[in-house]
Structure formats: structure tokens, C-alpha cells
Amino acid sequence: MVRANCPRWIIPEYQALFFYVAKLGWFVVQPLVAILLLAALGLIVIWLGRRRFGQFLVVLALVVLAVFSLSPLGLVMTAALEDRFPRPQLPERVAGIVVLGGAFDTRIARTRGQAELNDAADRVTEALILSRRYPEAKVIFSGGDASILAEDVPETLSARNFFLGAGLEPGRLILDGKARDTFENAVYARELAEPKPGETWLLITSAFHMPRAVGCFRQAGFEVLPYPVDYRTPAGAEMLRPSTTSIRNLEKVHFAIREYLGLLAYRLKGRTDALFPAPKAGEGTPIPEGSGSPASGTAD
């Protein structure tokens, strides 16, 4: 009876189905693959005798590729996500720090037998800085094996080596190797944290991923103070100047589209509390523009 009354998004079998559908669906609709499929379809249509329509599809694929690679579209899309939750002033006391996985390359860890940080390394380096600022705070790292085509090692193995190797006391580190997506991060982190009324728990993840992450944590009943890191867009007018390295422009479109689709899918499945979660009234005070990180004392 308890299982029958459970929301679908906390039933293990439903979570597994959602995980595989999301992973496979994203492989098809990710920008570069979608562009290649569109161009291939155009060539097939030409081969079938619909020359003009096929040429239109090929040209459309090339135009979309040019826009994604050469324009600031990805910067604008990503900045809208990154600016949703400003980094707050930190409180005097923090009960714990929740760090979402994504900072380690698990394929390298599996094949080379050593931890390797990727572009999202700020998630764990900033968490380490904050752990020293709050020496009594617990540190929960949530990141399992999110692969589907090959079995990778959980990120928790790399995280253990990183945090303990950097001097974090073993008794403060809590590892969650079960979570495979953002909602599972929230559910399992709440189980491990067992937050008490009045406690402040920081949530660390990439700034572009913070809206979806906060929505999941709220839906899981775990109130956290968002602390975004890993910014990938400049502020002000610089946002409108695309990179001279075209693949970086395309990459930003890639990650932005994934997040927007993730927000939509999670909302439709009841995994977030809003379509585009926003800060609540009084939820932290933004750091004044131009000031450095309160944790590290360096500019963002």
C-alpha cells in the first residue's frame, strides 16, 4: 500500500526508466547529432528524387551549424541559466555542504586508474575551500555511475581520493555513489544529511545547472542555500562577443539546450517545483558585483 501511494518519481523502477529514456533521447536531439541527422536526411531525400526539398534540408543544417558555432547564441542561452541564482553572502554557520557530481572524468578514472578533473572542477575545489571556512560542516558528495553504454566507476571513488588527499577529515566526508541524475542527487542527499530545522546546507553545482538542481532539492523536501560555481559566460556586454574558437560556442548551445530540455522534462514528470525555479524571497543576499568570492577571496 505504501508503494501504491508513492509519487511515481520516487519509485526505483520509474526512476530507472526515466534515466534511460532521458539519456537515449538526449543522444538523438543534442545539437551536433541533430544537425548531422538533418543533413543526412536531406541527402537521403535527394537520393529519393526530391532534390529541392533535400537541398533545403542540407542548407538548413549548414545554416543552423553556422549560427550555433559563430554567434553568441550559446552565451546568451547559458547566461540566462547562470544568472538565475546569484551567489549569496555566506552565513556564519553552515551544517553541511552538498556537492553534486560532474567534476570528475569517470572514463579516465576507469581506464587509467586515477582521478581526473574536468571543466566542472570548480564544484569540488570550491567545496574544499568552503570546507575549510566551515571546519564543523559535513561534506556530502553525490555522484554515481551515469553511463549507459559502458560501466564506469562511480565519481565517489575519485571524490574520496581528492577530498581526503587534500586534507579533509574522513569523518566529515559522506559519499553517495547511487545517484545517477539530479533528482536522485536530491533524494539521496536528503537521506544522508537528515537536515534539522534551522540548519543551513549549501548546495554546490555549476551555475547553469543550479535552477534544475534547486527545483529537485525543493521537490525532495531539502531546503538548501544555492552556491553556484563553474561560470561559463562573462558578464555585461562581453556576453555578446562569441569565442573565436567556434567549438566553444557550439558547446555552450549544447549544454544550454540540455538544461532547458531537462527543466521541461523534470517539470512535466513532477521532479521540480517549477518550470524555471527562481530564488525565494530572502534566500541569501547576492554578492555585490565586482567583489571576490567570499570563500576564496578571488574574483569570479
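Residues numbered from 1 in each chain as written. Predicted model: local features only at pLDDT ≥ 70, side-chain atom pairs only at ≥ 80, totals over all residues. Heavy atoms only, no water.

### Things to note about the side chain of Arg-123
Heads up, the rule is: Counting from the N terminus, the helices are the DSSP runs of H or I reaching at least four residues and the strands are the DSSP runs of E reaching at least two. Think of it in three bands: residues with accessible area under 20% of the maximum for their type are buried, residues over 50% are exposed, and the middle band is partly exposed, with areas taken using a 1.4 Å probe on protein chains only. Residues scored as positive are Lys and Arg, those scored as negative are Asp and Glu, and His as well as the terminal groups of each chain are ignored. Salt-bridge detection follows one rule: a side-chain nitrogen of Lys or Arg within 4 Å of a carboxyl oxygen of Asp or Glu. Polar contacts, as counted here, are pairs of nitrogen or oxygen atoms within 3.5 Å of one another; within protein the pair requires one atom able to donate a hydrogen and one able to accept it, and residues that are adjacent in sequence qualify only if both atoms are side-chain atoms. Residue contacts are counted whenever heavy atoms from the two residues lie within 4.5 Å of one another.
Inspection of the secondary structure puts Arg-123 in helix 7 (residues 122-133). Here Arg-123 is buried and forms no salt bridge, its nearest opposite-charge partner Asp-230 lying at an N-O distance of 4.9 Å. A polar contact of 3.4 Å, which involves the side chain of Arg-123, links it to the side chain of Thr-205. Once residues lying within four places of it in the same chain are set aside, the contact partners of Arg-123 are Val-99, Leu-100, Gly-101, Gly-102, Ala-103, Ile-204, Thr-205, Ser-206, His-209 and Val-229.

### Describing the packing of aromatic side chains
How we decide: Classification of ring pairs uses Phe, Tyr and Trp, with its six-membered ring standing for Trp, and accepts pairs whose centres are within 6.5 Å; under 30 degrees between planes counts as stacked, over 60 as edge-to-face, and the remaining range as tilted. A ring is scored as having a charge over it whenever the NZ atom of a lysine or the CZ atom of an arginine sits within 6 Å of its centre and within 35 degrees of its normal.
In this structure the tally under the stated criterion is eight aromatic pairs. Considering the side-chain rings of Phe-208 and Phe-255, the 5.8 Å spacing of their centres and the 40 degrees angle between planes classify their relative orientation as tilted. Separated by 47 residues along the polypeptide, Phe-208 in the loop between strand 4 (201-206) and helix 10 (210-219) and Phe-255 in helix 11 (residues 246-268) bring together distant segments of the chain. The rings of Phe-104, Phe-141, Phe-162 and Phe-163 are connected pair by pair, giving a single aromatic cluster. It is Arg-84 that lies over the ring of Phe-276; its NZ or CZ is 4.0 Å from the centre. For Lys-178, the ring lying beneath its charged end belongs to Tyr-188, and the centroid distance is 4.3 Å.

### Things to note about the nonpolar core
Heads up, the rule is: By nonpolar core we mean a set of buried residues, namely Ala, Val, Leu, Ile, Met, Phe, Trp, Tyr and Cys, connected to one another through side-chain atoms within 4.5 Å.
In this structure, Ile-97, Val-124, Leu-130 and Phe-163 are the most contacted members of the largest nonpolar core, which totals 24 residues. Only strand 1 (96-100), helix 7, strand 2 (138-142), helix 8 (155-165), strand 4 and strand 5 (225-229) provide two or more residues apiece to this core. Looking at which element gives the most residues to this core, the answer is helix 7, with four residues. In terms of nonpolar packing, the next biggest core, distinct from the first, is built from 22 residues, Met-210, Ala-213, Cys-216 and Ala-220 among them.

### Quick notes on helix 4 (residues 51-70)
Heads up, the condition is: Expected helix span is taken as 1.5 Å per residue step, with the number of steps being one fewer than the number of residues. The directions from the helix axis to the C-beta atoms are what the arc is built from.
Spanning 20 residues, helix 4 covers 28 Å between terminal C-alpha atoms, matching the ideal 28 Å at 1.5 Å per step. Residues of helix 4 that are buried include every one of Gly-54, Leu-57, Ala-61, Phe-68 and Ser-69, and no others. All buried residues of helix 4 project into a common sector of 95 degrees when viewed along the axis, lining one side. Exposed and oriented more than 90 degrees from the buried face of helix 4 are Arg-51, Arg-52, Leu-62 and Leu-70. Here the buried face of helix 4 lies against helix 3 (31-47), helix 5 (73-82) and helix 11.

### Structural notes on the pattern of salt bridges
Going through the model one piece at a time under the given rule, you end up with nine salt bridges. Between Glu-126 and Arg-87 there is a salt bridge, with the nearest N and O atoms lying 3.8 Å from each other. Pair noted here: Glu-126 is in helix 7 and Arg-87 is in the loop between helix 5 and strand 1, with a separation of 39 residues, a long-range link. Accessibility assignment for this pair places Glu-126 and Arg-87 in one class, buried. A salt bridge links Arg-271 to Asp-181; the shortest N-O distance between them is 3.1 Å. Of this pair, Arg-271 sits in the segment after helix 11 while Asp-181 sits in the loop between strand 3 (173-176) and helix 9 (182-193), and the two are 90 residues apart along the sequence. An identical accessibility class is assigned to Arg-271 and Asp-181; each is buried.

### Brief notes about the packing of helix 9 against helix 10
Filter applied, for reference: Where helices are involved, their axes are fitted lines through C-alpha atoms of the stretch in contact, as for all axes, and angles between N-to-C directions lie from 0 to 180°. Roughly parallel covers angles under 35 degrees, roughly antiparallel covers those over 145, roughly perpendicular covers 65 to 115, and oblique covers all other angles. Left-handed describes a crossing whose near helix is turned anticlockwise from the far helix by less than a right angle; the clockwise case is right-handed. In this classification, Asp, Glu, Lys and Arg are treated as charged, Ala, Val, Leu, Ile, Met, Phe, Trp, Tyr, Cys and Pro as nonpolar, and every other residue, Gly included, as polar.
Helix 10 packs onto helix 9 with a crossing angle of 40 degrees between their chain directions and a minimal axis gap of 8 Å. Compared by their axis directions, helix 9 and helix 10 come out oblique. Crossing handedness for the pair helix 9 and helix 10: right-handed. Here Thr-182, Phe-183, Asn-185, Ala-186 and Ala-189 of helix 9 lie close against helix 10, whose contacting residues are Arg-212, Ala-213, Cys-216, Phe-217 and Gln-219. A breakdown of the residues in the contact of helix 9 with helix 10 according to their chemical character gives six nonpolar, three polar and one charged.

### Observations concerning the sheet that holds strand 2
The following threshold applies: Note on pairing: DSSP must find at least two bridges between two strands before they are called paired.
Spatially, 3-2-1-4-5 is the arrangement adopted by the five strands of the open sheet, whose pairing is parallel. Both outer strands of the open sheet, strand 3 and strand 5, are each paired with one neighbouring strand and no more. Each strand of the sheet is rotated relative to its neighbour by a mean of 20 degrees, with strand direction disregarded. Both strand 1 and strand 2 contribute to a ladder of five bridges, which runs parallel. Pairing of Gly-96 across the sheet is with Lys-138, part of strand 2. Against the sheet, helix 10 touches strand 1, strand 4 and strand 5, its axis set at about 145 degrees to strand 4.

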